[in-house]
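# Overview (structure and organization)
Each chain is listed here by its residues.
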Amino acid sequence: MLIHVNQENKQFHLTNGQVSYIFHVMKNGQLGHLYYGKALRHRSEFSHLQTYNVPTAASCHVYADDPAFCLETLRQEYPAYGNSDFREPAISLTKQNVNHVPDFKYESFRMLEGKPRLEGLPATYAEDSSEASTIQIILKDAVLQAELTLNYTIFREKPVIVRSAFLRNNGQEQLSIERIMSASLDLPDKDFQFIHLAGAWSRERHVKERNLETGIQSISSLRGASSHHHNPFLALKRPSATEHAGEVYGFNFVYSSNFLMQVEVDHYDTARLTVGIHPFGFKWSLKPEESFQTPEAVMVYSDQGLNGMSQAFHALYRENLIPAQWRTQERPILINNWEATYFDFNEEKLVNIAKSASELGIELFVLDDGWFGKRNDDTSSLGDWHVDLNKLPNGLERLVQKISALGMKFGLWIEPEMISPNSDLFREHPDWAVGMPQQRTLGRNQLVLDFSRQEIVDYLFEKIADIIKRTDLAYIKWDMNRNITEPFSHKLAPNQQGEFFHRYILGVYRLYERLTSEFPHVLFESCAAGGGRFDPGMMYYAPQAWTSDDTDAVERLKIQYGTSFAYPVYSMGSHVSAVPNHQTLRTTPLSTRANTAYFGTFGYELDPLHLTEEERLEIKEQVFFYKKHRGLIRDGQFYRLKSPFNGNETAWMVVSPDQSEALIGYYKVLATANSPKQQTLKLTGLDEAKVYQVANRAQFYYGDELMRAGLQLPTEFNGVNGHGAERGGDFQSHVFYLTSTEDRFD
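Quick notes on the rules
- Residues numbered from 1 in each chain as written.
- Predicted model: local features only at pLDDT ≥ 70, side-chain atom pairs only at ≥ 80, totals over all residues.
- Heavy atoms only, no water.
- Buried < 20%, exposed > 50% of the residue type's maximum accessible area, 1.4 Å probe, protein only.
- Helix = DSSP H or I, 4+ residues; strand = E, 2+ residues; numbered from the N terminus.
- Pairing = 2+ DSSP bridges.
- Contact = heavy atoms within 4.5 Å.
- Axes fitted to C-alpha atoms, helices over the stretch in contact; angles between N-to-C directions.
- Parallel < 35°, antiparallel > 145°, perpendicular 65-115°, else oblique.
- Left-handed = near helix turned anticlockwise from the far one by under 90°.
- Nonpolar A, V, L, I, M, F, W, Y, C, P; charged D, E, K, R; others polar.
- Phe/Tyr/Trp six-rings, centres within 6.5 Å; stacked < 30°, edge-to-face > 60°.
- Lys NZ or Arg CZ within 6 Å of the ring centre and 35° of its normal.

Counted residue by residue, strand 7 (residues 132–141) has nine buried out of 10 residues, so it is predominantly covered. One ladder, built from eight bridges, connects strand 6 (residues 105–113) with strand 7; its direction is antiparallel. Across the sheet, Lys105 pairs through a bridge with Lys140, a residue of strand 7. Here strand 7 pairs with strand 8 (residues 146–155) via 10 bridges, running antiparallel. Within the sheet, the bridge partner assigned to Ala132 lies in strand 8 and is Phe155. Hairpin geometry of strand 7 and strand 8 is characterised by an intervening segment of four residues between the two adjacent antiparallel strands and by a positive phi of about 55° at Gln145.

Quick look at the structure:
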């Protein structure tokens, strides 16, 4: 049993032996929070976990005869503002001509085996009812005539609880929702470090860390996308916690638009975390009998440090979020023509690139931007999803035939959410663009299509579905190259414009849902000018995302390291590109570019026609290596060993579920003079008793040796040992492959 209910005292305990989450009904009928952390054994009474401290004379209390019952000092489960609690609330809604503070009181509960899907929204799922259990708490506000259902699901084998809220208007008058968060959590203290992933275009998801202090600390987006700047992930780590030990709470939001994740530390040093749709600019009209479902918040508890938290996220997203058909299916090694040709290509050039790539063992050719309309630069044709016959006079079908004849699959780049002012579609439907005609800001010379309108979603489905059918596409890279400005829809009434951002992303999800349902064999890779929408909402439809437009191997160490805090390695689009790199002008060895890109969904962004014979041979070996190990990279446990944010070295590794093999990546950005002679890398996640051999080495090691004494790194050049040095110079990297063996030694 994963959920225990103490009926007499109305206490609810979610536990699976790894984590416990306990809450109850307080004397005022509202929900109070009791405990969240490492699993506790169940008992019939948990009231002692709620502390009722008499507040100061300046505080307010609900009952005249009970000054200790003050919502300002009580931990709550889903608080409202205005009834002795002055912190920011989880919910705020109003009813016309009614002066009332929201007061949702406990009504009943429902228990469900498994996990119900969220209508119209991406969310985690349980294919088998034994995988998870769900409890729904029903609360009612009699004055507002509103019913609030709080959904809690706990997964049997994972330290994961997911939450969402569902509001229904049971009255005869319209309600106005101003704030409705997916989850709220009151923690008993502020003794945490706040970790999040921040950045900008081409340097996404860098790890940031600071101590919690009095006041509000938050991350958010108001861009109409989860954004390059703040990923919808944060962790609260105890100061003593490390990568592999100690207590960490992780939070992720299954949503791809405006969000807010904040922690408010009050004057008593307690911390309130809230996760949900950003309330700024949000206002939702809820008519009688209508309802509103919030997106899902994912909560992970780890007593095994940050890496334990990450592994829980990774397992959840691999097994209970991405489309089921892509859990175990191998992702093809691809080559994308963008950095090879940009907009300047024709059929002959593309076929020659594909032919050369097929000889290297590459499996998928992807045609990027410029194949449609009159698209010779980024100033035209978005929305005109018909082939440019000046470039491809025989159409896409003939190109696909030639690619297929090489034994390769075919993929295509699209940017369906955008429209160019210089396009046939805009000239025909200028009102389809977001914003008012007299006030539209360009971004990358383009505007945004109004996905809140069903007719636009229908139009794009027909266009894209036709292309898939005619070309038998195997892969689509879905891009989104600008954020939303002037967020107004021509079809929404003035009092509904606060609904635009959420309605927009629901339209995006509807199109994804229709396409992935109709064409389950097509592999979708999400992209938003690189990593601007790398979130669990997108991952529900597209099991991999273009991690960043920055393909520089050195920059990718930080980007991929930070991304791994919440997202599986096999969700990261990671490619080898040409040098000097197109984003940094840095020149790195071909081996280092591959050694970084191996830890992701592998591919190439270069022109193989310009490679030397030596480079072609090396790429053949890289492709062979990745094909051999991609099952391990897909299914293995990922461990971070050395952080690029803390020094000159980076290291990580993937270990198979049975601990029989492992792949280790080691990187040193800048050479150092006369480094210490004994250089080792301490591994983790291995079986202490197993004997391992490093590929291409004669040595054998017990697992405990590799984890405590370390793996000896290749000898580094120190200025005089050129005869014996195995590495040197800037941008060093090595990938080690370990296999367990039955050999024993003394």
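Turning our eyes to something else, we now look at the side chain of Ser574. Within the secondary structure, Ser574 is located in strand 29 (residues 572–577). When its relative accessible area of 0% is taken as the criterion, Ser574 is described as buried. With residues up to four places along the chain from it excluded, the contact list for Ser574 reads Trp546, Arg556, Gln560, Ala597, Phe599, Gly600, Thr601, Phe602 and Gly603.

Moving on, we get to the sheet that holds strand 29. Backbone-to-backbone hydrogen bonds pair the strands of a sheet. The strands run either parallel or antiparallel. If you trace the eight strands once around the closed barrel, you get 21-22-23-26-27-28-29-30, paired in parallel fashion. Between one strand axis and the next, the sheet turns through 30° on average, direction left out of account. Here strand 29 runs beside strand 30 (residues 601–605); their pairing, made up of five bridges, is parallel. Note that in strand 30 the partner of Ser577 across the bridge is Glu605. Where helix 9 (residues 553–563) meets the sheet, it contacts strand 28 (544–546) and strand 29, and its direction lies at approximately 165° from that of strand 29.

Our focus in this paragraph is the sheet that holds strand 38 (residues 732–741). Here six strands make up an open sheet; going across it, the order is 31-32-33-38-35-36 and the pairing antiparallel. Each edge of the open sheet is held by one strand with a lone partner, namely strand 31 (637–642) and strand 36 (700–702). Neighbour to neighbour, the strand axes of the sheet diverge by 25° on average, direction disregarded. When strand 35 (residues 691–694) meets strand 38, the two strands line up antiparallel, connected through four bridges. When the sheet's bridge partners are listed, Val691 is paired in strand 38 with Thr741.

It is worth spelling out the packing of helix 10 (residues 590–597) against helix 11 (residues 613–635) at this point. Between helix 10 and helix 11, the least distance of the axes is 11 Å, while the angle of their chain directions is 20°. Considered as vectors, helix 10 and helix 11 are oriented roughly parallel to each other. Every pair of crossing elements has a handedness; the one defined by helix 10 and helix 11 is right-handed. Contacts between helix 10 and helix 11 involve Leu590, Ser591 and Ala594 from the former and Glu615, Glu618, Ile619 and Gln622 from the latter. Classifying every residue of the contact of helix 10 with helix 11 by side-chain character gives three nonpolar, two polar and two charged.

Under the definition given, this model contains 46 aromatic pairs. For the pair Tyr598 and Phe602, a centre-to-centre distance of 5.1 Å together with 35° between the ring planes defines the contact as tilted. Both residues of the pair, Tyr598 and Phe602, belong to the buried class. By the ring-pair criterion, three or more aromatic residues cluster together here, those being Phe12, Tyr21, Phe23, Tyr36, Tyr106, Phe109, Tyr152, Phe192, Tyr249 and Tyr301. When the ring centre of Phe192 is taken as reference, the NZ or CZ atom of Arg238 above it lies at 3.9 Å. Sitting over the face of the ring of Phe565, Arg640 holds its NZ or CZ atom 4.1 Å from the ring centroid.

At the junction of Val579 and Pro580, the peptide bond is cis and its omega measures out at -5° in the coordinates. Looking at where Pro580 falls in the secondary structure, it is placed in the loop between strand 29 and helix 10. Residues other than glycine seldom take positive phi values, yet Ser227 does so here, at roughly 95°. Checked against the element boundaries, Ser227 lands in the loop between strand 13 (215–221) and strand 14 (230–237).

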